[in-house]
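Results of the structural survey
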Amino acid sequence: MNPARVFAETATARTTAARLPVVTLDGPAGVGKTTLARRMAEALALPYLDTGAMFRSLALRLGPGAETLPADVVRGRCAAWPFTLAGSGAETRLFCGGVPVGDEIRTEAVGLLAARLGTVPAAREILREAQRRMGERGPLVAEGRDMGTTVFPDARFKFFLDATPETRARRRLHDLEQRGQSEDLATLTEQIRQRDTMDRERAVAPLRAAPDALIVDTSALDINGVFQVLIQHMEANGGRDALAGS
Ligand code: DC
């Protein structure tokens, strides 16, 4: 047999075997990651990890100005609020300090505090280790900003979702209107731009597509369309078995 081919096959086998059974979904605020992660987890019967919810929970507990605290204070306080994950699919539940994480974290003000906390290396370190421990427990769908680049660089499937700030703001406005709330489109666009700047420009683990991620521009697609792109890519590359066997 051609030695070059043997080498290529060995290298491929090693690469696949070394992959973690994790699906990563990264992308900017408001691109639909949480909805898609939940749907994917449901389709694959796996738990999903919303890492934005982890940053939001700690940011809410620490309060404004957490980014100015000394690193050992951040570490000490965060140690009192460990995270656990229970259930799977749409029934996955995240707990912080034994308390279920609920809708109290879902405001734009808490999102902004979370983005500020995301610039603090000590907070990122604590959450990265917690996220990796959850990944060691078995197959997982993990969504956030740095899942494919920093937390799970060996993940079996990596996706990076994107859309313009205007598109994301329009989607957010639509979601708010569905819930009977209203907001000004220009304000929403500005909030999204502000969070993009913090997420993309921070020194540690900035928002970025991993070199081996499939980048999906979601601007012209609805949530079903994006979901189909993700599932088809997985099916063409080993599907659910690729997670079970990796
Ligand atoms: O995905 P989200 O909007 O719930 O995230 C809120 C903020 O948390 C986000 O603007 C930055 C921070 N974050 C982060 O730094 N790294 C992650 N993996 C997830 C979120």
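Now for a description of the structure that goes with this document. (Residues numbered from 1 in each chain as written. Predicted model: local features only at pLDDT ≥ 70, side-chain atom pairs only at ≥ 80, totals over all residues. Heavy atoms only, no water.)

1. Examining the overall build of the protein chain
A count of helices and strands for the protein chain gives 11 helices and eight strands. By its C-alpha atoms, the protein chain is 65 × 45 × 35 Å across when sized along the principal axes. Across the 246 residues in the protein chain, those meeting the buried criterion constitute 43%. Intrachain contacts of the protein chain at a sequence separation of at least 6 include 77% that bridge at least 24 residues. For the protein chain, the accessible surface area stands at approximately 11,900 Å², while carbon and sulfur atoms represent 53% of it. (Helix = DSSP H or I, 4+ residues; strand = E, 2+ residues; numbered from the N terminus. Buried < 20%, exposed > 50% of the residue type's maximum accessible area, 1.4 Å probe, protein only. Contact = heavy atoms within 4.5 Å. Areas by Shrake-Rupley, 256 points an atom, 1.4 Å probe, with all protein chains shown as cover.)

2. Section: helix α2 (residues 33-44)
Between the first and last C-alpha of α2 there are 16 Å, a value that for 12 residues agrees with the 16 Å anticipated at 1.5 Å per step. Taken as a whole, α2 has its buried residues at K33, L36, A37, M40, A41 and L44. Angular distribution of buried residues about the axis of α2 spans 135 degrees; they occupy a single face of the element. At the C-terminal side of α2, A45 shows a positive phi close to 55 degrees. (Expected span 1.5 Å × (residues − 1). Arc of directions from axis to C-beta.)

3. Side note on the sheet that holds strand β4 (residues 93-96)
Ordered by their spatial adjacency, three strands build an open sheet running β3-β4-β5, and the pairing between neighbours is antiparallel. The open sheet terminates on both sides in strands that have one partner only, identified here as β3 (83-86) and β5 (99-100). Of the strands in this sheet, β3, β4 and β5 touch helix α3 (residues 51-62), which is tilted by about 30 degrees from β4. (Pairing = 2+ DSSP bridges. Axes fitted to C-alpha atoms, helices over the stretch in contact; angles between N-to-C directions.)

4. A word on the pairing of strand β1 (residues 20-26)
Among the seven residues in β1, six count as buried, and that is most of the element. With five bridges joining them, β1 and strand β7 (residues 155-162) adopt parallel strand pairing. If you follow L20 over to β7, its bridge partner there is A155. Looking at chain direction, β1 and strand β6 (residues 140-144) are connected through five bridges and run parallel. Looking across to β6, one finds that D26 is bridged to G144.

5. Digging into the sheet that holds β7
Sheet architecture is open: five strands sit in the order β2-β6-β1-β7-β8, paired in parallel fashion. Looking at which strands have only one partner, the edges of the open sheet turn out to be β2 (48-50) and β8 (214-217). Here the strands of the sheet are splayed against their neighbours by 20 degrees on average, with no regard to which way each runs. Where β7 lies against β8, four bridges are found, and the strand directions are parallel. Pairing of F159 across the sheet is with L214, part of β8. On the sheet, α3 packs against β2 and β6 and is oriented at approximately 40 degrees with respect to β2.

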